[in-house]
Amino acid sequence: MARPLLPDDLWDEIAPLLPPPRPRPKGGRRPIANRAALTGILFVLRSGLPWEMLPAEMGCGSGMSCWRRLRDWQAAGVWGRLHHVLLERLHAAGEIDWNRACLDSASVPAKKGGPATGPNPTDRGKPGTKRHLVTDARGTPLGFRLSGANRHDSIMMAATLDAVPPLRSGRRGRPRRRPDKLHADKAYDARPRRQECRARGIVPRIARKGIESSEKLGRHRWVVERTHAWFNRFRRLPVRYERRSDIYEAFTSLAASLITLNQIKRFC
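Residues numbered from 1 in each chain as written. Predicted model: local features only at pLDDT ≥ 70, side-chain atom pairs only at ≥ 80, totals over all residues. Heavy atoms only, no water.

## Quick notes on the side chain of Arg69
Here is step 1: The topology assignment puts Arg69 in helix α3 (residues 63-75).
Here is step 2: Although Arg69 is buried, it forms no salt bridge, and the closest oppositely charged side chain is Asp72 at an N-O distance of 5.8 Å.
Here is step 3: Discounting residues that sit within four places of it in the chain, Arg69 has contacts with Pro31, Ile32, Ala33, Asn34, Ala37 and Ile41. (Helix = DSSP H or I, 4+ residues; strand = E, 2+ residues; numbered from the N terminus. Buried < 20%, exposed > 50% of the residue type's maximum accessible area, 1.4 Å probe, protein only. Lys, Arg positive; Asp, Glu negative; His and termini not counted. Salt bridge = Lys/Arg side-chain N within 4 Å of Asp/Glu carboxyl O. Contact = heavy atoms within 4.5 Å.)

## Digging into the packing of aromatic side chains
Here is step 1: This structure, assessed with the given rule, holds two aromatic pairs.
Here is step 2: Measuring from ring centre to ring centre gives 5.7 Å for Trp51 and Phe251, while their planes differ by 15°; the resulting arrangement is stacked. You can see Trp51 sitting in the loop between α2 (34-47) and α3 and its partner Phe251 sitting in helix α8 (residues 245-267), a full 200 residues away along the chain. Of the two residues, Trp51 and Phe251, both sit in the buried class.
Here is step 3: An angle of 70° between the planes, with centres 5.9 Å apart, marks the rings of Trp73 and Trp79 as edge-to-face. (Phe/Tyr/Trp six-rings, centres within 6.5 Å; stacked < 30°, edge-to-face > 60°.)

## Section: the pairing of strand β3 (residues 127-136)
Here is step 1: β3 sits mainly inside the fold: nine of its ten residues count as buried.
Here is step 2: Pairing between strand β1 (residues 101-109) and β3: nine bridges, direction antiparallel. Within β3, the position partnered with Cys102 by the bridge is Thr135.
Here is step 3: Looking at chain direction, strand β2 (residues 118-119) and β3 are connected through two bridges and run antiparallel. Looking at β3, one finds that Gly118 is bridged to Gly128.
Here is step 4: The sheet contact formed by β3 and strand β4 (residues 141-148) spans seven bridges and is antiparallel. Its bridge partner lying in β4, His132 is registered against Arg145.
Here is step 5: The antiparallel hairpin formed by β3 and β4 contains four residues in its connecting segment, where Gly139 sits at a positive phi of about 90°. (Pairing = 2+ DSSP bridges.)

## Here's the deal with helix α4 (residues 78-92)
Here is step 1: A rise of 1.5 Å per residue sets the reference length of α4, with its 15 residues, at 21 Å; its end C-alpha atoms lie 21 Å apart and thus fit the reference within 8%.
Here is step 2: Those residues of α4 lying buried are Val78, Trp79, Leu82, His83, Leu86, Leu87, Leu90 and His91.
Here is step 3: Tucked into the core, α4 has its buried residues touching α1 (8-14), α2, α3, β4 and α8.
Here is step 4: Residue Gly94 follows α4 closely and has a positive phi angle near 75°. (Expected span 1.5 Å × (residues − 1).)

## Some points on the pattern of salt bridges
Here is step 1: A complete count under the given rule lists 14 salt bridges for this structure.
Here is step 2: Between Asp72 and Arg71 there is a salt bridge; the shortest N-O distance is 2.9 Å.
Here is step 3: One salt bridge in this structure joins Glu225 and Arg221, with 4.0 Å as the shortest N-O distance. Of this pair, Glu225 and Arg221 both sit in helix α7 (residues 214-232), four residues apart, which is roughly one turn of that helix.
Here is step 4: Residue Glu225 is classed as partly exposed on the basis of its relative accessible area, which comes to 43%.
Here is step 5: Accessibility expressed as a relative area gives 8% for Arg221, which makes it buried.
Here is step 6: Salt bridges linked by common partners bring Asp162, Arg178 and Arg200 together as one network.

The structure is reproduced here in structure tokens:
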């Protein structure tokens, strides 16, 4: 039996985070139910289908209705809170490996340009977006940032580390958001980057140009490359079709939550 697009366990996590419906003093057509709209959003995220081609027989309303709901929930901070809640569940179970974190970026074409895009030097200067990602030692996405494809990886290190939310375990003590050690490749080999790590209480393990051999570089960092591959399984993400950066960020954040939910099922 095929797994539903929106299983009950995912809906149970999202439903409490959704804002109440707007009052409609003048009546009018009843808006599509939140669960139906979210099903449509997940279908577009996973399939990569254009909004206008959302099948009517799914009962999710029009693609434009689902798009507006995605936009509004992003503005309300729903997707970021969902990822935070799921990370705290994993942390409370002791299943986030803080011993090592890995940092890397991946570039995607941006067909329509827009904010957080730039000429991609590896794609003949065509518009592109970079996804900067930090994971724990098991590949769980802890935080991400988006930038133009022409932005150097190392400049976004501090912002990406600061994207990790403070996670409470349900026990005494301060929330945690910093790993013990950070692994990164030679693109981050600069004194300011190591200082940024140390200022956050993180031991930098950044490959040094011309010193360390390529054979040893991927021993720990392969997990973040695998997580980028997990993101690309959501077919709306390998190419950015949205001109609006908030819509692409919403899709990326929702994908991060789905990956984290898979980690919960795997380890908890």
